[in-house]
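Chains, contacts and geometry: an overview
If you want the building blocks of each chain, they are given just below.
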Amino acid sequence: MPYRIRHARPDELDLLAGIEKDAGMVFADVGLKEISDHPPADIAYVRSFLRGGAILIAADEQDKPAGFALVGFIDRAGHLFELSVHRAHARKGLGARLTAACCGFAFAQGARRMTLSTFRDVQWNAPFYAKLGFRILPQDDWTPGLFTLRMREEDGGLPMDRRCFMEKELNEN
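Residues numbered from 1 in each chain as written. Predicted model: local features only at pLDDT ≥ 70, side-chain atom pairs only at ≥ 80, totals over all residues. Heavy atoms only, no water.

**Considerations on the pattern of salt bridges**
- Summed over the entire model, instances satisfying the criterion amount to 12 salt bridges.
- Two residues, Arg113 and Glu167, come together in a salt bridge whose shortest N-O distance is 2.4 Å. Residue Arg113 is located in strand S5 (residues 113–119), and its partner Glu167 is located in strand S7 (residues 163–169); the two are separated by 54 residues in the primary sequence.
- Assessed through its relative accessible area of 6%, Glu167 is described here as buried. (Salt bridge = Lys/Arg side-chain N within 4 Å of Asp/Glu carboxyl O. Helix = DSSP H or I, 4+ residues; strand = E, 2+ residues; numbered from the N terminus. Buried < 20%, exposed > 50% of the residue type's maximum accessible area, 1.4 Å probe, protein only.)

Written out as structure tokens, the structure is:
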């Protein structure tokens, strides 16, 4: 099935909650039921990426969203805030394609690195991003914005001993 990566249309944003909820279900299998039970992101939060970043969609052959990524900026770096692919469309390379599109978007906006926050021990998190060229960012290299994001994640109840920041240098390729 062919997929196309494109920017989301405002009338599609309500569909993203279902994708996020479905994609989150797999976290229950790795001891993170609180993630699978967590409600999807607030629509106002998602909509904000239309004004301060981008919402990129992996559209199926009917042009319906099968996955999405929220990309914005923290301390002059691109930041991948969320990547979700519906389980019916998983394992088809959509996560890698969406990540690459986010990196391209951030580079075109002047960012020369991309960051993200993820679970270090979940196969489709840090190990997946490492295959795409990301490396774990030591705490000594965190920016003020990453420290702020870390506090937000901790306040949200995420198990911080399992979290890490990752970074990738961006270039024209």
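**Concerning the pairing of S5**
- Within S5, seven of the seven residues are buried, which leaves it mostly tucked inside the rest of the structure.
- A two-sided burial pattern is seen for S5, the buried positions comprising Arg113, Thr115, Ser117 and Phe119 on one face and Met114, Leu116 and Thr118 on the other.
- Inspection of the sheet shows strand S4 (residues 77–85) paired to S5 by three bridges, in the parallel sense. Residue pairing in the sheet places His79 in a bridge with Thr115 of S5. (Pairing = 2+ DSSP bridges.)

**A word on the pairing of S4**
- Where burial is concerned, most of S4 is hidden: seven out of the nine residues are buried.
- Note: strand S3 (residues 65–74) against S4, eight bridges, orientation antiparallel. Each bridged residue has a counterpart across the sheet, and for Phe73 the counterpart in S4 is Gly78.
- The turn linking S3 back onto S4 is made up of two residues, and Asp75 within it adopts a positive phi angle of 50 degrees.
- As a crossover connection, the stretch from S4 through helix H4 (residues 94–108) into S5 is right-handed. (Right-handed = clockwise from strand over helix to strand, strands pointing away.)

**Thoughts on the side chain of Glu82**
- Inspection of the secondary structure assignment puts Glu82 in strand S4.
- For the buried Glu82, which has no salt bridge, the nearest side chain bearing the opposite charge is Arg152, at an N-O separation of 8.5 Å.
- A polar atom in the side chain of Glu82 sits 2.9 Å from the side chain of Ser84. (Lys, Arg positive; Asp, Glu negative; His and termini not counted. Polar contact = N/O pair within 3.5 Å; in protein donor to acceptor, adjacent residues only side chain to side chain.)

**What to know about helix H1 (residues 13–24)**
- With 12 residues, H1 should cover 16 Å at 1.5 Å per step; its first-to-last C-alpha distance of 17 Å lies within 8% of that length.
- Inspection of H1 places Leu13, Leu16, Ile19, Glu20, Asp22, Ala23 and Gly24 among the buried residues, and these make up the whole buried set. (Expected span 1.5 Å × (residues − 1).)

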